[in-house]
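In case you want the letters, here they are:
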Amino acid sequence: MYKRKIYLFGITSGLIMMIALCFTAVSSYLTQINLEQSNTAQTLLAEHQKLSSISYRMFKQLTDELIFGESANQAIIRNKQALIGQSLEKIRRLELQQRQALGNKLTAGSVEDTDELAALINAIITEFKAITAIYNNTPLDQQNRLRTLLEVKIDNEFREAINAAVVRQGNVVAALNAKIETLNTAIVWFAVGIALFATPCIILACYWLFNQLYQPLTIINNGTNAIAAGDYQQRLPETLDTEFSQLVKSLNLLATKLADHEMKAEQSRRQLEFEVEQRTREISQVNEQLTKVDSRRRQFLADVSHELRTPLTIIRGEAQVTLRQSAASEQVYRETLDSILVQAINLSELVDDLLLLARAELSQLKLDTARQALGDFLHGQVSQWQRLHKDRDFTLEIDNHAKTLQLSFDHQRLKQVVAILLDNACKYSAPQTPVIVSLKKINNRACIDIKDFGEGISPSDINHIFERFVRFKHKSEGLGLGLAIAKAIVEAHGGEIRVSSTPGEGALFQVYLPMDVVS
């Protein structure tokens, strides 16, 4: 309903505006035409005056020719004749345009009088030439004919023709100016009439429209203020004009959604508090793990210091004891050097292990790879360990698909990995329990399994078993570097090492090597 009121107001205002615009356009068009006609009339008036001036100057020069000789002013006279011709041509062209624009009534005689004027000028020039041609030293005869030319033709006929053309063109200019003045007056009064009619209509229409709009806007404003203040139970009446009904429904729907959103926000806030509390616990656990790692690092440094101090102490002690003897035998020196050599080898192995791990962390671990049969390699390692541990049963199982399997790997490094895993299997299982080594092909990777049947690994230790600082409390030997070294070597081959264990049933270590290894 309110839409119709707005449409009515818009149509009325638009109609008044269109009338005003159309009148403005017509007025501008008529004014432009009148100005163009006035400019043409002014130009014609100026051109007639110019023609009069040029003609009189030429007549004077022709008179001088009679007095001073036939060839006194020929060049100047020809120039003046050309200018007179151009001026007449321009006058004819402008008068034709003026007649087409204003009609025959207002421009009566203009074109015809111009032709007569041109003929009169030509007759005067011809008469001057005739007088000049028959000059025979009879001043009286010549004086009478020249007087007639000057007084009758020029002073009377030519002057009257020029004055008539100027007066006629002046009348045209005056008529056009009067027409323009009348048009301007009509435009002013019409504009005043439009303003006097439109202004009250627009004021009354605006007052009526604002009154129609004020009441529903006040209701909507009060309702929205209540919703903005947090009263989401506030509802606006849906009995307003049809145009406001959709807005009212939207605002009521908004209030409902805001109430739901507030409820969900409260739930989200509680959920967030719960998640923050949970994350805080997780961060605390991570902090505890970092504390444990730092503790292991400190323990590792202490163990390294101890391991380094022990052989160094032995070396220094053996050397000092031997040097204190005044007359030691060759056998004593040899025993001392043997003891020092053993400790130096232990130190060298420890330093090599630490250097290997450092290079692995920097991705600088170099491999000397060669393509070899993996089954033959494992067979040699298992046989060697069987000779060293005759009280234990080492078994090698090779899958049919892996019997001819060949890979590019570093023989010494992979031998070190197998030795670490077999040594752990022997260390953490009873002497009579078997150790099973198997080789199989899984997808595009070779898998080496080493299974023991010892005490197994606890769930709390299995997640940290490949860390460098890990050393299980119930086993005091070593620094806990073996599995970290094994992991670094396998990863340098582009492979992966995994472990699974059930406490009391042993542990299974799996080494995965890709089929195409890049050294």
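Let us look at the structure shown here.

Rules of the game
Residues numbered from 1 in each chain as written. Predicted model: local features only at pLDDT ≥ 70, side-chain atom pairs only at ≥ 80, totals over all residues. Heavy atoms only, no water. Buried < 20%, exposed > 50% of the residue type's maximum accessible area, 1.4 Å probe, protein only. Helix = DSSP H or I, 4+ residues; strand = E, 2+ residues; numbered from the N terminus. Pairing = 2+ DSSP bridges. Salt bridge = Lys/Arg side-chain N within 4 Å of Asp/Glu carboxyl O. Lys, Arg positive; Asp, Glu negative; His and termini not counted. Polar contact = N/O pair within 3.5 Å; in protein donor to acceptor, adjacent residues only side chain to side chain. Contact = heavy atoms within 4.5 Å.

### Description of the pairing of strand β7 (residues 507–514)
Okay, so step 1: Most of β7 is tucked away: eight of the eight residues are buried.
Okay, so step 2: Of the two faces of β7, the one carrying A507, F509, V511 and L513 and the one carrying L508, Q510, Y512 and P514 are both buried.
Okay, so step 3: Two strands pair when backbone bridges link them, and strand β5 (residues 445–452) and β7 are joined in this way by seven bridges, in the antiparallel orientation. Counterpart to A446 in the pairing with β7 is L513.
Okay, so step 4: Pairing geometry for strand β6 (residues 496–501) and β7, over six bridges, is antiparallel. When the bridges of β7 are listed, S500 appears paired with L508.
Okay, so step 5: Where β6 folds back on β7, the antiparallel hairpin that results is connected by five residues, among which G504 adopts a positive phi of roughly 90°.

### Let's talk about unusual backbone geometry
Okay, so step 1: Located in the positive-phi region is N443, a residue other than glycine, with phi close to 55°.
Okay, so step 2: Tracing the backbone through its elements, the reader meets N443 in the loop between β4 (435–442) and β5.
Okay, so step 3: Exposure remark for N443: the relative accessible area of 69% places this residue in the exposed category.

### Side note on the pattern of salt bridges
Okay, so step 1: What the rule picks out here adds up to 10 salt bridges.
Okay, so step 2: Across the salt bridge formed by E266 and R269, the nearest N and O atoms sit 1.9 Å from each other. Of this pair, E266 and R269 are both found in helix α5 (residues 242–324), three residues apart, which corresponds to roughly one turn of the helix.
Okay, so step 3: Residue classification places R269 among the partly exposed residues on the basis of a relative accessible area of 39%.
Okay, so step 4: Note that K427 is salt-bridged to D423, the shortest N-O span being 3.8 Å. Within this pair, K427 and its partner D423 are both found in helix α8 (residues 411–427), separated by four residues, close to a single helical turn.
Okay, so step 5: Taking the relative accessible area as the measure of exposure, D423 reaches 33% and is therefore partly exposed.
Okay, so step 6: Salt bridges linked by common partners bring E266, R269 and R270 together as one network.

### Topic: the side chain of R392
Okay, so step 1: Of note, R392 is situated in the loop between α7 (374–388) and β2 (394–398).
Okay, so step 2: Buried charge without a salt bridge: R392, with D391 as the nearest opposite-charge side chain at an N-O distance of 5.5 Å.
Okay, so step 3: Among the polar contacts made by the side chain of R392, one reaches the side chain of S429 at a distance of 2.9 Å.
Okay, so step 4: Apart from residues no more than four positions distant in its own chain, R392 is found in contact with Q386, A425, C426, S429, A430, P431, T433 and V435.

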